[in-house]
Amino acid sequence: MTHVVTANCQRCRFTDCVATCPVTCFHFDDGMLYIDPEECIDCGACVPACPVQAIHSEYDLDETMALWTEINAERARYLPVINNKLAPLPTAEDKLRELGLL
Amino acid sequence: MTNPQSFKVAIVGAGPSGFYAAEELLNYGVQVDMYEKLPVPFGLVRYGVAPDHQKLKLVNKVFERTAQRDGFQFIGNTEIGANLPLSALQEHYDAVVLCHGASQGRKPGIPGDNLSGCYTAADFIGWYNGHPDFQHLAPDLSCRSVAIIGHGNVSIDVARILAKTPAELSTSDITDRALQALSHSRIEEIHLIGRRGPAQAKFTTQELRELGELYDADVVIDRGALEIDEVSRAELDDRKNLIAIKNFEIFTNFNNKTSRSCGRKIIFHFLESPVRVLGETIVEGLELGVNRLEGQPFHQTARAIGERRVLACEAVLFSIGYLGQGLYGIDFDGNSSTYPHNEGKVTTASNVYAAGWIKRGPTGIIGTNKPCAQETVATLLRDLEYAQKVPKAGHAAIIRMITQRATSYADWRCIDKQEIEEGERRGKPREKFTSVAEYLALLSENEVGDE
């Protein structure tokens, strides 16, 4: 088991999760974050931290989100680690509104 | 401006907040000496995190990396106050960061809460996790019914450990003594009592779900407890309230599944607060007051309606929070259990800082301590940057004042290796030593062997 970042993170990348993660399991590119399943200790701290509910326990992924497990594992392997919170992407507010979570 | 690389900082406490503070200071090239009361590091990760949550304990790998960095030193078995005055650290370091946490369990202060059979969850957890200070506890598990007061992850941990079979616990690093005691437990009912409703429960989803996956324990919810009022319904209708929504879904699933015939029952009670523990010398029952919720969505509080009932039980575990204790000579706010501080700088003591529970109160999870410690370190470095620099001797001066056998990180590695080997012999990840004397005896044996 691990935790997984899913599509809601795209165009947001709020990175609040990074500040609560006790290990350094988050990696990033220009679009979103990814969790390294080798580093994640399944504490679940990032789940309530995410303003767009993008992070789920692998256990909670429905069929439409299942593909993200593999994407997280694969991309975390070569993308850089993120250690500190960054400013959200400029499109973050729009996405939040789109998702009805503002 | 002064180069941080010439700074020496003492950290008091080797738990998560101490290690996150150390990591941040080392990132700036500061030299860090970490003082710890126990001979071994890692605080609540070793002694608080449940023994059957081994994956969570892997957070230690982050702290181990910090401990092995240049400029870091661990000085265990050294209690500030008892073995060494805080003033010595203030004198011989540029700054001191207090990260000693809040380790004392809170009791509600109701009649009977000191009867034999009443425990705080903190003591009970310390007992089964092998903390040297709690091995005298020897809780009586020959009773049939136990009440746990409080609805949080700590109460779930305690309920789960009481509910698991010896086989389920045998792969954890619970101490052999606790495992033996739990194997002879006669507990059939574990009551989890919370003052608010099922829509306000703040459990971590997977912790709550895990209760439904135990081998020989069935989860039961009070009949009618999930029929919530309109205000609570409005809370659950808010999509942002993700954790509460998921928890309520899990409660509903517990309620809908067919009950299994199990040796043990975990019974959730909502909207009830303990009023009095009944009994002369030992616990004979618990009087509960019934509450109702009042207020607007997300601001509801529990208010007693005057109705009482008695729950039959022979032990009560209080899981209602922790209390911290301030070090002698520094102002301490007993209400919040914290040192009054300004962005981590303790306001009434020169060159003293705080991070973790003793700074912000006993709330939050392991990771919460990271930004908390980072804030403190930022304040500390800002202060030191403009302070007049007087060279400090650090540990070189302190070592002359220490008369007891202090432990080093190399000593911990030796203890760690022995514990893992002993665990392997028993099919467990680790078998902990449970007294300071045992630690020191092991270390002196190895010193003899080295010569």
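Residues numbered from 1 in each chain as written. Chains lettered and ligands numbered in written order. Predicted model: local features only at pLDDT ≥ 70, side-chain atom pairs only at ≥ 80, totals over all residues. Heavy atoms only, no water.

## Regarding unusual backbone geometry
Residue and element names in this part refer to chain B.
Move 1: Notably, F42 is not glycine yet its phi reads approximately 95°, a positive angle.
Move 2: For F42, the position within the fold is in the loop between β2 (31-35) and α2 (43-47).
Move 3: On the basis of relative accessible area, F42 is assigned to the buried category, the value being 1%.
Move 4: Of note, the phi angle at N77 is positive, near 55°, even though the residue is not glycine.
Move 5: Tracing the sequence through the fold places N77 in the loop between β3 (72-75) and α5 (86-92).
Move 6: Residue class for N77 comes out buried when judged on its relative accessible area of 10%. (Helix = DSSP H or I, 4+ residues; strand = E, 2+ residues; numbered from the N terminus. Buried < 20%, exposed > 50% of the residue type's maximum accessible area, 1.4 Å probe, protein only.)

## A closer look at the environment of S116 of chain B
All names here are of chain B.
Move 1: Here S116 is to be found in the loop between β5 (104-105) and β6 (118-120).
Move 2: According to the relative accessible area criterion, S116 is partly exposed, its value standing at 46%.
Move 3: S116 sits 51 residues away from R65 along the chain, and the two C-alpha atoms are 44 Å apart.

## Digging into the layout of surface pockets
Residues and elements named next belong to chain B.
Move 1: Computed from the structure, the second largest pocket encloses a volume of approximately 290 Å³.
Move 2: Lining the second largest pocket are 16 residues, with Q54, K57, N60, E64 and R430 positioned closest to its centre.
Move 3: For the lining of the second largest pocket, the secondary-structure elements that each account for two or more residues are α2, α3 (54-57), α4 (60-67) and α16 (409-425). (1 Å grid on protein atoms, 1.4 Å probe; cavity = no way out; pocket = protein on both sides within 12 Å on 5 of 7 lines; lining within 4 Å. Points joined across faces, edges and corners; volume = space filled by probe spheres on them.)

## Remarks on the nonpolar core
Move 1: Core analysis: the biggest nonpolar cluster contains 79 residues, and F26 and I55 of chain A together with I11, F72 and L380 of chain B have the highest contact counts within it.
Move 2: Among residues more than four places away in sequence, those in contact with L380 of chain B are V9, L25, A95, V97 and Y353 of chain B.
Move 3: Listed in part, the 49 residues of the second largest apolar core include A217, L236, F270 and L317 of chain B. (Core = buried A, V, L, I, M, F, W, Y, C linked by side-chain atoms within 4.5 Å. Contact = heavy atoms within 4.5 Å.)

## Topic: the interface of chain B and chain A
Move 1: Contact residues are listed per partner, giving 24 residues for chain B and 29 residues for chain A.
Move 2: For the pair chain B and chain A, the summed buried surface comes to about 2100 Å²; carbon and sulfur atoms form 49% of the total.
Move 3: One salt bridge connects D60 of chain A with K246 of chain B, and the closest N-O pair in it is separated by 3.0 Å.
Move 4: For the side of chain B that touches chain A, the secondary structure elements donating two or more residues are α3, α4, α10 (205-211), α12 (242-256) and α14 (369-386) of chain B.
Move 5: When its residues are assigned to classes, the side of chain B that touches chain A shows ten nonpolar, five polar and nine charged. (Buried area = accessible area lost by both parts, 1.4 Å probe. Salt bridge = Lys/Arg side-chain N within 4 Å of Asp/Glu carboxyl O. Nonpolar A, V, L, I, M, F, W, Y, C, P; charged D, E, K, R; others polar.)

## Comments concerning the confidence of the model for chain A
The predicted coordinates ought not to be read in detail in places where the model reports low pLDDT.
Move 1: Averaged over every residue, the pLDDT of chain A is 93; residues scoring 70 or more account for 100%.
Move 2: For chain A, helix α4 (residues 92-98) of chain A is the element with the lowest average pLDDT, namely 90, and strand β3 (residues 33-35) of chain A is the one with the highest, namely 98. (pLDDT = per-residue confidence, 0-100.)

## Comments concerning the packing of helix α6 (residues 121-128) of chain B against helix α7 (residues 153-163) of chain B
Residue and element names in this part refer to chain B.
Move 1: With their axes 11 Å apart at the nearest point, α6 and α7 run at an angle of 50° to one another. Classified by the interaxial angle, the pair formed by α6 and α7 is oblique. Every pair of crossing elements has a handedness; the one defined by α6 and α7 is left-handed. Residues A121, F124, I125 and Y128 of α6 lie in contact with α7, whose contacting residues are V154, D157, V158, I161 and L162. (Axes fitted to C-alpha atoms, helices over the stretch in contact; angles between N-to-C directions. Parallel < 35°, antiparallel > 145°, perpendicular 65-115°, else oblique. Left-handed = near helix turned anticlockwise from the far one by under 90°.)

## Description of the sheet that holds strand β11 (residues 272-278) of chain B
All names here are of chain B.
Move 1: Pairing within the open sheet is antiparallel, and its three strands lie in the order β11-β12-β13. Strands at the two margins of the open sheet, each flanked by one partner only, are β11 and β13 (301-311). Averaged over all pairs of adjacent strands, the angle between their axes in this sheet comes to 25°, without regard to strand direction.
Move 2: In this sheet, strand β12 (residues 285-294) lies alongside β11 in antiparallel orientation, the contact comprising six bridges. Looking across to β12, one finds that P274 is bridged to L288. (Pairing = 2+ DSSP bridges.)

## So, α12 of chain B
Move 1: The terminal C-alpha atoms of α12 of chain B lie 21 Å apart, and with 15 residues this matches the ideal 21 Å at 1.5 Å per residue to within 8%.
Move 2: Taken together, the buried positions of α12 of chain B are occupied by L242, A244, K246, N247, F248, I250, F251 and F254 of chain B.
Move 3: Contacts from the buried residues of α12 of chain B go to α2 (46-49) and β4 (55-57) of chain A together with α10, β9 (217-221), α11 (230-237) and β10 (264-269) of chain B. (Expected span 1.5 Å × (residues − 1).)

## Some points on the pattern of salt bridges
Move 1: Enumeration over the complete set of coordinates arrives at 35 salt bridges over all chains.
Move 2: Each of D52, D157, R160, K164, E207 and E210 of chain B takes part in a single network of salt bridges with overlapping partners.

## A look at the sheet that holds β10 of chain B
Residue and element names in this part refer to chain B.
Move 1: As summarised here, the arrangement of the six strands in space is β6-β14-β7-β8-β10-β9, forming an open sheet in which the pairing is parallel. The open sheet terminates on both sides in strands that have one partner only, identified here as β6 and β9. Mean inter-strand twist for the sheet, computed between neighbouring axes without regard to direction, equals 20°.
Move 2: Strand direction decides the pairing type here: strand β8 (residues 189-193) and β10, joined by five bridges, are parallel. Among the inter-strand pairings, L192 is bridged to a residue of β10, identified as F268.
Move 3: Relative to β9, α12 is tilted by about 110°, and along the sheet it contacts β9 and β10.

## Some details on the packing of helix α1 (residues 16-27) of chain B against α14 of chain B
Residues and elements named next belong to chain B.
Move 1: At a closest axis distance of 8 Å, the pairing of α1 and α14 adopts a crossing angle of 50°. Here α14 runs oblique to α1, going by the angle between their axes. Helix-helix and strand crossings are classified by hand; for α1 and α14 the assignment is right-handed. For the pair formed by α1 and α14, the contact residues are P16, S17, Y20, A21, E24 and L25 on the first element and N369, K370, A373, Q374, V377 and L380 on the second.

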